[in-house]
Structure formats: structure tokens, C-alpha cells
Amino acid sequence: MVISLMAAAALSAVVCGYHLVQGQKMLLTPLLRANVGEQSKQILRCMFHCQSVFFMTSTAIFLICSLNVIPEMYAYSLILFLGLNYGIFSIWQFYVASLSPPNSSQMLSIQALVFLLISLFAMLGPLLS
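Notes on the structure in this doc start here. Computed from a predicted model, the values in this text were never measured in an experiment.

1. Here we look at the layout of surface pockets
The calculated volume of the largest pocket comes to roughly 670 Å³. Looking at the largest pocket, it is lined by 22 residues, and the ones nearest its centre are Tyr18, Leu27, Gln93, Gln111 and Phe115. For the lining of the largest pocket, the secondary structure elements donating two or more residues are helix H1 (2–33), helix H2 (38–66), helix H3 (72–99) and helix H4 (102–128). For the lining of the largest pocket, the element with the highest residue contribution is H1, accounting for nine residues. When the residues that make up the lining of the largest pocket are grouped by side-chain class, the tally is 15 nonpolar, seven polar and no charged. Quantified by volume, the second largest pocket comes out at close to 220 Å³.

As C-alpha cells, this is what we get:
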């Protein structure tokens, strides 16, 4: 369980860093410059930051659970929940990639693959122990 959760924590940290650095530049800034209402911009900013908090929290939880800081009974359901969330992210990312233009669909597919790997590593940990 420890190795798969460490792998999930490492991949999740990479996703978190990418989201905070590149997502700020490539997603949030252009959305806030768009010709939409101020309320819509606030909602988009809030959603971006909520997703950032989720990525940071899940990275911390994967790391804490891989170090056996909390009992396995609590870690089991928590890790499965996070694994399912990353699986849903993966499905949505593959869907968005299939609808995107060919030049941007490769990067979206890679992100979906990383989400899928995090999901698999997270769910394999508790299920194999």
C-alpha cells in the first residue's frame, strides 16, 4: 500500500504544481480577460481556487496515508474516495480532449492519463493490502 500511495502522492504533487503554475497562466488569466460579467469572473476564480485546494489537500492526504500516520481503517475509505474523484477527473478530461481541436487534445489526453494513473495507484493501495 505504501509504494502505490507514494506514487499517487508524487503524481498528485506534480499535478498540483502544474495546476498552480501553468493553470494560472494558461487558464485563469485568459478567462479573467474574457468579455464576461464580473460575477462570472468571480465564479471562475473561485472554481479555480477550489480545485487548487482539492489538489493540495489530496496530495497531503496521499502522503499522510502512505506514511501510516492515520489508522488504515480511516485511510481506506478516504483514499478510495480520492481515487474515485481522480477517476472522474480522468473521464471528464478524456471527454474534453475528444471535443478539443487536435493541437490541444494531446496535452489534455496526457493530463487525463496522469489523473487515471493517480486514480489507479490510489485505489490499488487499499485494495491490495
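Moving on from the coordinates now.
2. Things to note about H4
Compared with an ideal rise of 1.5 Å per residue, which puts 27 residues at 39 Å, H4 spans 38 Å between its outermost C-alpha atoms and is within 8% of the ideal. Each element contacted by the buried residues of H4 is listed here: H1, H2 and H3.

3. Looking at the packing of aromatic side chains
Scanning the model with the defined rule gives 11 aromatic pairs in all. Aromatic pair Phe54 and Phe89: ring centres 5.5 Å apart, planes at 85°, arrangement edge-to-face. Of this pair, Phe54 sits in helix H2 while Phe89 sits in helix H3, and the two are 35 residues apart along the sequence. A residue is classified by how much of its surface remains accessible, and Phe89, at 25% relative accessible area, is partly exposed. Plain terms: the ring middles of Trp92 and Tyr95 are 5.8 Å apart, the flat faces sit at 85° to each other, and that makes the pair edge-to-face.

Procedures and definitions
- Residues numbered from 1 in each chain as written.
- Predicted model: local features only at pLDDT ≥ 70, side-chain atom pairs only at ≥ 80, totals over all residues.
- Heavy atoms only, no water.
- 1 Å grid on protein atoms, 1.4 Å probe; cavity = no way out; pocket = protein on both sides within 12 Å on 5 of 7 lines; lining within 4 Å.
- Points joined across faces, edges and corners; volume = space filled by probe spheres on them.
- Helix = DSSP H or I, 4+ residues; strand = E, 2+ residues; numbered from the N terminus.
- Nonpolar A, V, L, I, M, F, W, Y, C, P; charged D, E, K, R; others polar.
- Expected span 1.5 Å × (residues − 1).
- Contact = heavy atoms within 4.5 Å.
- Phe/Tyr/Trp six-rings, centres within 6.5 Å; stacked < 30°, edge-to-face > 60°.
- Buried < 20%, exposed > 50% of the residue type's maximum accessible area, 1.4 Å probe, protein only.

Read these as layout, nothing more, since geometry by itself doesn't imply function.
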